[in-house]
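# Descriptive structure summary
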Number of protein chains: 4
Amino acid sequence: MQLGMIGLGKMGGNMKLRLEKAGHQVVGYDRNPEVADVGSLAELVEALEAPRAVWVMVPAGEATRSTVAELAELLGEGDIVVDGGNSRFTDDAVNAQALGLHGIGYIDAGVSGGVWGLTEGYALMVGGAEADVQRLQPVFDALKPEGEHGFVHAGGVGAGHYAKMVHNGIEYAMMQAYAEGYELLQASEYVDNVPAIFKSWREGTVIRSWLLDLMDRALEADPELAHIKGYVEDSGEGRWTVDEGIRLRVPLPAITESLFARFTSRQEDSPAMKAVAALRNQFGGHAVKSE
Amino acid sequence: MQLGMIGLGKMGGNMKLRLEKAGHQVVGYDRNPEVADVGSLAELVEALEAPRAVWVMVPAGEATRSTVAELAELLGEGDIVVDGGNSRFTDDAVNAQALGLHGIGYIDAGVSGGVWGLTEGYALMVGGAEADVQRLQPVFDALKPEGEHGFVHAGGVGAGHYAKMVHNGIEYAMMQAYAEGYELLQASEYVDNVPAIFKSWREGTVIRSWLLDLMDRALEADPELAHIKGYVEDSGEGRWTVDEGIRLRVPLPAITESLFARFTSRQEDSPAMKAVAALRNQFGGHAVKSE
Amino acid sequence: MQLGMIGLGKMGGNMKLRLEKAGHQVVGYDRNPEVADVGSLAELVEALEAPRAVWVMVPAGEATRSTVAELAELLGEGDIVVDGGNSRFTDDAVNAQALGLHGIGYIDAGVSGGVWGLTEGYALMVGGAEADVQRLQPVFDALKPEGEHGFVHAGGVGAGHYAKMVHNGIEYAMMQAYAEGYELLQASEYVDNVPAIFKSWREGTVIRSWLLDLMDRALEADPELAHIKGYVEDSGEGRWTVDEGIRLRVPLPAITESLFARFTSRQEDSPAMKAVAALRNQFGGHAVKSE
Amino acid sequence: MQLGMIGLGKMGGNMKLRLEKAGHQVVGYDRNPEVADVGSLAELVEALEAPRAVWVMVPAGEATRSTVAELAELLGEGDIVVDGGNSRFTDDAVNAQALGLHGIGYIDAGVSGGVWGLTEGYALMVGGAEADVQRLQPVFDALKPEGEHGFVHAGGVGAGHYAKMVHNGIEYAMMQAYAEGYELLQASEYVDNVPAIFKSWREGTVIRSWLLDLMDRALEADPELAHIKGYVEDSGEGRWTVDEGIRLRVPLPAITESLFARFTSRQEDSPAMKAVAALRNQFGGHAVKSE
């Protein structure tokens, strides 16, 4: 089928390629004219036959919100917009309502796969009305991995980004799990070859996983991770996951501690630890390190 | 090659089958005469040709220690004992020394695979002298999965159980990661079908893993886990992992919180939470629930 | 000076008494006519001489918001409203703006003290314009404890509730600290008399505090806390504190784990622990407990 | 009464002064001859009249163990040794047994008070036989604070150091509680004057405590803690507390996270966070910071 794709970066560009390889016709728009098929959103809309389907793959937040707002003016009755970015699920109801006023359908799609998606497929978690999802199914089928899994219609509008958010929360804690094991092995005098241990775990163990395969790749490239700083960004889903745990009174200790470890990794010095050092100095005369 | 196997339970019995299927000759001993090939450890030793290799697969702790002590008396120069149980790595140096006095070699083998090992192979992490490990390599090769991974000689005596201990610590936090995600999805009004979401994650996602496949199986059998109580035992490796984190000053928040969640799951009521309730009542007149 | 007090429950009623004891004239309104001096907010406003000061001490959330909205209509230029409830700091800017349209000033006051405040004084953390705070200073001085501490003008509108929120977050973790120590002592075979240990800690130790004094009182009344269930509510400030940690990227492990322990204390069974039990059963054949 | 004091450093020296001020006769020994009354342990023993009481106040671990071993040879039937250092409670049974072979009694005394103990008194938690504790009671009474609290006979040998260990575990989490609150206030745009807020909390609040008084002192000296590095040592009791939580299956999330925060504060870079950064780079092409 025919699809408009807005945003042709690392993710959107590769998704366009995967769709075209599957026989779909994708009209792409990007602020960078070198990669775009058309020069504006208006031209994109003109290039598509009604009822149109447009996939928005731009940064979450303001960029997505303004793109959706512009599409609300350009598209019309019976068209569908898919937000495939890492938007917060709370944005989806707002987007759906704004588009709905013009008779435009809305699907939120959480997309996992990163740089590997082009070849291995993108796992998709989508939310929206059943009829809208069915109309886009050929697109989802082309994007998803070839096996029987990798796609779910998780519920109404917002459910796709919600499921993707939880996916990323789990991801945080899984990465932290491997990372803690790595640090402990590194620190121990009992084992000789930490990369070899991780490599061996790739088959037959309870903890085998795709992330473990990637850990092995990383350790092959740099066995002591000597060239990488222990500084870790977070892109939002982890924070939103914890916020949801708080809202719903669900204890999330492993996910939350994984998020806090990232916060800490980005601090030059810890104000909290300054306070503890100051207190120890006050009551015990314990020496402090000066800045 | 020829091997003695002591302990023919869920693990040892299946390992014997896998070894025999690979053409090895395994003489098995168990306290249960119905599954044993010989009637005593002495008979087991007699039935093997020197230099002998004996694999101990009995419960960690006292059972393993007393078996090793008995073997020290029965075996002789050039024989090798493998402890394949979930022993604490600190036992290994003791065992190795006791056996070494008699010229008997010692290998500690961490074994992962559980009920799936018979068909999929057992991941092995071994510690010991290079020559000893080489002599047992045919046995390791038969037990391990068929691919290129699943075996590591992790270092000297103790390294095998150490690597297995860390493996299990990681496992605790990975399971907790999925479990937290599960609880959050269950609690949320945004998604419709939690088992379908987990199933979809099996391909194309960052969090795909063997444990996730098993989570899908569990949810297929009981979509709301209605027949399972939230009560979780621990077999020791998690506790030892945290003890090692403390000893080596390695922060292990995700693994430790996963262990604490298990402790809490086994409490009828929490003394700590009684204390917090009592304090709130004292300062704020907040109502308490009576036992 | 003269003050209107809205809400004469456990907190508001005692604060009125303390203010009157200090020579202030307090006109009280409550939905319960038996404790009220006047029959409506309108009568309250009439009973006060301009410029008026009205202290709102009703439940946080809808009750406070509707009271403030009503006061915006009844009061006028130069009057001041104080919100002394446990409102979320984000409500304060909204309240201040609504009142400001009518020329009415606004102060948010975090109040600590609970059932002890009448005799020991109420610690006050206030936010608002300097001139407004100065006008209410006689009221603050009467409410606060007699010593040199117990009052702070923490910043502009919202700062008072913000400081109180952080106060409560700290309180959560302090209570958890004592509670964990209590549980460990209870569990240990090394000590004989846990209440006596807590009592001894009241003087000379690093951990002496008012909460410790209360812990001693609680253990005097019920040495094994046998009549109290380990079920702990939370009133919001802990959740808001963690939300702020997430927003500001401040790691708050002790406070957050204290909050999660409360969530867990209120669960009949843990969905997350069901999932872990199910996983262990899948890979290891470990027995599960049935519901 | 008469007492021998071994170790006249920051703690032992001040305790000697406090005891002498109370009218006791203290013979002091230290490796530093400038502060010692006698030149050797043998001379110390000679200078005391039987039945003797000797208080050991030297660093925990090897120094204490060797001092006790030497005293076992020098003292005799009916004498008593008190270990007032920060020894691990597991050392106490060993010491008691070694001394008991010579008919020498043993008391373990956990001592809290730090640099403030000389003037405010030392809180004491002691373990040992009833008769031994009674004989030393005059010494305990002189050391403890003047009020009715600050002393407990917590149980048999080991109970004193055990109670002190838990005291310190609680202390870790209380300090972390204030420290987290401090960092959050520092980070927030809602409050103006963090030191003033802490100062105000000293009276009337739920969280008032001696540690809070010290926090105020620290912030008076350095309002932004600008001269203190966020680097925090730990002296052992926190680690032992967590080890006990693991042994006794008592969840200690707040105490453990406080300990982990100290571990992290001492790392130049975090190997675990290197691993997480490496993984994110592998699956998402996320940029890493180079060392």
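Residues numbered from 1 in each chain as written. Chains lettered and ligands numbered in written order. Predicted model: local features only at pLDDT ≥ 70, side-chain atom pairs only at ≥ 80, totals over all residues. Heavy atoms only, no water.

The name given to chain A in an unreviewed UniProt entry is Decarboxylating 6-phosphogluconate dehydrogenase, with Glycomyces terrestris as the source organism.

### Looking at helix H12 (residues 271–284) of chain B
Inclusion rule: For helices the rule is a DSSP run of H or I covering at least 4 residues; for strands it is a run of E covering at least 2, with both sets numbered from the N terminus onward. Expected helix span is computed as 1.5 Å times (number of residues minus one). Note on exposure labels: buried denotes an accessible area under 20% of the residue type's maximum, exposed denotes more than 50%, and partly exposed covers the range between, all computed with a 1.4 Å probe on protein chains only. Whether two residues touch is decided by their heavy atoms; if any such pair falls within 4.5 Å, the residues are in contact.
Along its 14 residues, H12 of chain B runs 20 Å from first to last C-alpha, staying within 8% of the 20 Å computed at 1.5 Å per residue. Here H12 of chain B lies mainly inside the structure; twelve of its 14 residues are buried. Turning to H12 of chain B, its buried residues number three or more, namely Ala272, Met273, Lys274, Ala275, Val276, Ala277, Ala278, Leu279, Arg280, Gln282, Phe283 and Gly284 of chain B. Summarising the contacts, the buried residues of H12 of chain B are in contact with helix H1 (10–21), helix H7 (159–187), helix H9 (210–221) and helix H11 (253–265) of chain C. Positive backbone phi, approximately 65 degrees, marks Gly285 of chain B, located one or two places after H12 of chain B.

### Things to note about the pattern of salt bridges
Definition in use: The working definition used for a salt bridge is a side-chain nitrogen of Lys or Arg within 4 Å of a carboxyl oxygen of Asp or Glu.
Applying the stated criterion to the full structure yields 60 salt bridges over all chains. Asp234 of chain C is paired through a salt bridge with Arg239 of chain C; the nearest N and O atoms lie 2.6 Å apart. We classify Arg239 of chain C as buried; its relative accessible area is 12%. Arg202 of chain D is the partner of Asp216 of chain D in a salt bridge, and the nearest nitrogen-oxygen pair spans 2.6 Å. With Asp216 of chain D in helix H9 (residues 210–221) and Arg202 of chain D in the loop between helix H8 (194–200) and H9, this residue pair connects regions lying 14 residues apart in the sequence. Residue Asp216 of chain D is classed as buried on the basis of its relative accessible area, which comes to 3%.

### Overview of the sheet that holds strand S4 (residues 80–83) of chain D
Residues and elements named next belong to chain D. Test applied: At least two bridges found by DSSP between two strands are what make those strands a pair. Working convention: axes come from line fits to C-alpha atoms, limited for helices to the stretch in contact. Angles between N-to-C directions cover 0 to 180 degrees.
The strand order across the open sheet formed by seven strands is S2-S1-S3-S4-S5-S6-S7, and the pairing between neighbours is mixed. Among the strands making up the open sheet, the edge pair consists of strand S2 (25–29) and strand S7 (151–155). Across this sheet, the average inter-strand angle for adjacent strands is 25 degrees, counted without regard to direction. In the sheet, strand S3 (residues 53–56) pairs with S4 via four bridges, with the strands oriented parallel. Directly across from Ala53, in S4, lies its bridge partner Ile80. Sitting on the sheet, helix H4 (residues 90–100) touches S4 and strand S5 (105–112), and the angle it makes with S5 is about 145 degrees.

### Examining the relation of the copies chain A and chain B
One copy of the chain maps onto the second through a rotation about an axis and a displacement along it. Stated formally: When the copies are superposed, the least-squares fit draws on C-alpha atoms of residues that have pLDDT of at least 70 in both.
Here chain A sits on chain B after a turn of 180 degrees about the axis and a move of 0.0 Å along it, with an RMSD of 0.0 Å. Here the copies are linked by what is in effect a two-fold axis. Here 100% of the contact residues of chain A are again contact residues in chain B; the copies associate through an equivalent surface.

### As for the interface of chain A and chain D
To keep things clear, this is the line we draw: Each of two parts loses accessible area, computed with a 1.4 Å probe, when they are put together; buried area is these two losses added. Any pair of nitrogen or oxygen atoms within 3.5 Å is treated as a polar contact; in protein, a donor-acceptor pairing is required on top of that, and neighbouring residues in sequence qualify only through side-chain atoms on both sides. Throughout this entry, Asp, Glu, Lys and Arg are counted as charged residues, while Ala, Val, Leu, Ile, Met, Phe, Trp, Tyr, Cys and Pro are counted as nonpolar. The remaining residues, Gly among them, count as polar.
If you look at the interface, chain A gives 53 residues, while chain D gives 54 residues. Where chain A abuts chain D, roughly 4900 Å² becomes buried across the two surfaces, and 66% of that area is made up of carbon and sulfur atoms. Taken together, the links from chain A to chain D amount to zero salt bridges. In this structure, the connection of chain A to chain D is made through 20 residue pairs in polar contact (both at pLDDT 80 or more). Of the residues forming the side of chain A that touches chain D, the biggest block, 13 residues, is contributed by helix H12 (residues 271–284) of chain A. Across the side of chain A that touches chain D, the residue classes break down as 26 nonpolar, 13 polar and 14 charged.

### Some remarks on the packing of aromatic side chains
Formally: Only Phe, Tyr and Trp rings take part, Trp by its six-membered ring, and two of them pair if their centres are within 6.5 Å. Stacked means planes under 30 degrees apart, edge-to-face means over 60, and tilted covers everything else.
This model, assessed by the stated rule, comprises 36 aromatic pairs over all chains. Pairing Phe260 of chain C with Phe263 of chain C gives two aromatic rings, centres 6.0 Å apart and planes at 45 degrees, and the pair type is tilted. A residue pair is termed a helical-turn pair when its members lie 3 or 4 positions apart in one helix, as Phe260 of chain C and Phe263 of chain C do in helix H11 at three residues. Across the pair, Phe263 of chain C and Phe260 of chain C agree in class, each one buried. Linked through ring pairs, Trp55, Phe140 and Phe151 of chain A together constitute an aromatic cluster.

### Things to note about the environment of Glu268 of chain B
Residue and element names in this part refer to chain B. Turning to its location among the elements, Glu268 is positioned in the loop between helix H11 (253–265) and H12. According to the relative accessible area criterion, Glu268 is exposed, its value standing at 83%. Along the primary structure Glu268 and Gly85 are separated by 183 residues, whereas in three dimensions their C-alpha atoms are 31 Å apart.

### Considerations on the sheet that holds strand S1 (residues 2–6) of chain A
Residues and elements named next belong to chain A. The strand order across the open sheet formed by seven strands is S2-S1-S3-S4-S5-S6-S7, and the pairing between neighbours is mixed. Looking at the sheet topology across the chains shown, the edges are occupied by strand S2 (25–29) and strand S7 (151–155). The sheet shows a mean angle of 25 degrees between the axes of neighbouring strands, direction not considered. Running over the sheet, helix H3 (residues 62–74) touches S1, strand S3 (53–56) and strand S4 (80–83) and is turned about 165 degrees from S3.

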